[in-house]
Every structure is written in structure tokens, then in C-alpha cells.
Amino acid sequence: LDCNFSSPGEFYIPNAFSPAGDAENEVLRLSVKNLTCIKEYEFLLYNRWGEEIFRTESPVAEWDGAYKGKREESAVFVYFMKAIMISGDEVKKTGNVSLIR
């Protein structure tokens, strides 16, 4: 089991996605080399007004661009991610992601 993460860059969160129904880039999700190495996980996503629109504690969860049952329009969102590895190491990432319609 390779749980040797050398940098937070090994946790990839795209900076854009386009849930347009064309089966490409439909959801926002974490990509990491080995999910079994994650002991605890938290991902939060906020709109430009600081309103939390997505939260998960599952590293396999996906956001489809909807909030309260409605499609969000094209916009830039801010995310915060924290993972605690089985080794005890903590990985934090923040960034922006563009939803493109």
C-alpha cells in the first residue's frame, strides 16, 4: 500500500468543469493516487457570496453543479479541502473552480 504523499499536489481538484450533459467533465471530484490512504476527509465549496453550497466528508463524493435542486449558473467557486492520512499527516488545499455552462 503506497501512502507516501510527497506534496498536496498529489490531491488533484480540477479548476473547471462543465456539467452540460455531454458525458465529459460532468462532475467536480477529487482525484488522488490511493483513496485507501485517507483516514478523514472534508471538502467545502462556497459561492461568491460566501454561502456554503456543497460539503462532504467522502473523498469519492461528486458535485454536479446543483444547489438546493437547482442548477448553478456559470460562476467561480472557492473550495477548501482537508485530508488526514492513515499516517497521521494532514493535507490542506484551497482554490477556485469554474463551473462552465
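Residues numbered from 1 in each chain as written. Predicted model: local features only at pLDDT ≥ 70, side-chain atom pairs only at ≥ 80, totals over all residues. Heavy atoms only, no water.

On to the nonpolar core, then. Counting 24 residues, the largest nonpolar core has F11, F43, L45, W63 and M81 as the members making the most contacts within it. Within the residue set of this core, elements represented by two or more residues are β5 (38–46), β6 (52–56), β10 (75–85) and β11 (90–99). A total of five residues in this core trace back to one element, the largest contributor, which is β10. Sequence-distant contacts of L45, defined by excluding residues within four places in its chain, comprise L28, E51, E52, I53, F54, W63, F77, V78, Y79 and V97. (Core = buried A, V, L, I, M, F, W, Y, C linked by side-chain atoms within 4.5 Å. Buried < 20%, exposed > 50% of the residue type's maximum accessible area, 1.4 Å probe, protein only. Helix = DSSP H or I, 4+ residues; strand = E, 2+ residues; numbered from the N terminus. Contact = heavy atoms within 4.5 Å.)

Strand order in the open sheet formed by five strands is β2-β11-β10-β5-β6, with mixed pairing between adjacent strands. Sheet topology places β2 (16–17) and β6 at the edges, where each strand pairs with a single neighbour. As paired strands, β5 and β6 are joined by four bridges and run antiparallel to one another. Looking at the pairing, L45 lines up with F54 of β6. (Pairing = 2+ DSSP bridges.)

Where two aromatic rings form a pair, the distance of their centres and the angle of their planes describe that pair. Tallied over the entire structure, the rule returns six aromatic pairs. On the basis of an interplanar angle of 75° and a centroid distance of 5.8 Å, the ring pair of Y46 and F80 is categorised as edge-to-face. Taken together, the positions of Y46 in strand β5 and F80 in strand β10 put the pair 34 residues apart, joining distant regions of the chain. (Phe/Tyr/Trp six-rings, centres within 6.5 Å; stacked < 30°, edge-to-face > 60°.)

A few words on the confidence of the model for the protein. Averaged over every residue, the pLDDT of the protein is 91; the share at 70 or more is 94%. Within the protein, strand β1 (residues 11–12) has the poorest average pLDDT of any element, 90, and β6 the best, 98. (pLDDT = per-residue confidence, 0-100.)

Here we come to the pattern of salt bridges. In this structure the tally under the stated criterion is five salt bridges. A salt bridge links E62 to R29, with the nearest nitrogen and oxygen atoms 2.6 Å apart. With E62 in strand β7 (residues 62–63) and R29 in strand β3 (residues 28–29), the pair connects residues that are 33 residues apart, well separated along the chain. Residue class for E62 comes out partly exposed when judged on its relative accessible area of 42%. (Salt bridge = Lys/Arg side-chain N within 4 Å of Asp/Glu carboxyl O.)

In this section: the environment of K68. When you line up the elements, K68 lands in the loop between β8 (66–67) and β9 (70–71). For the pair K68 and E51, spaced 17 residues apart in sequence, the C-alpha to C-alpha distance is 12 Å.

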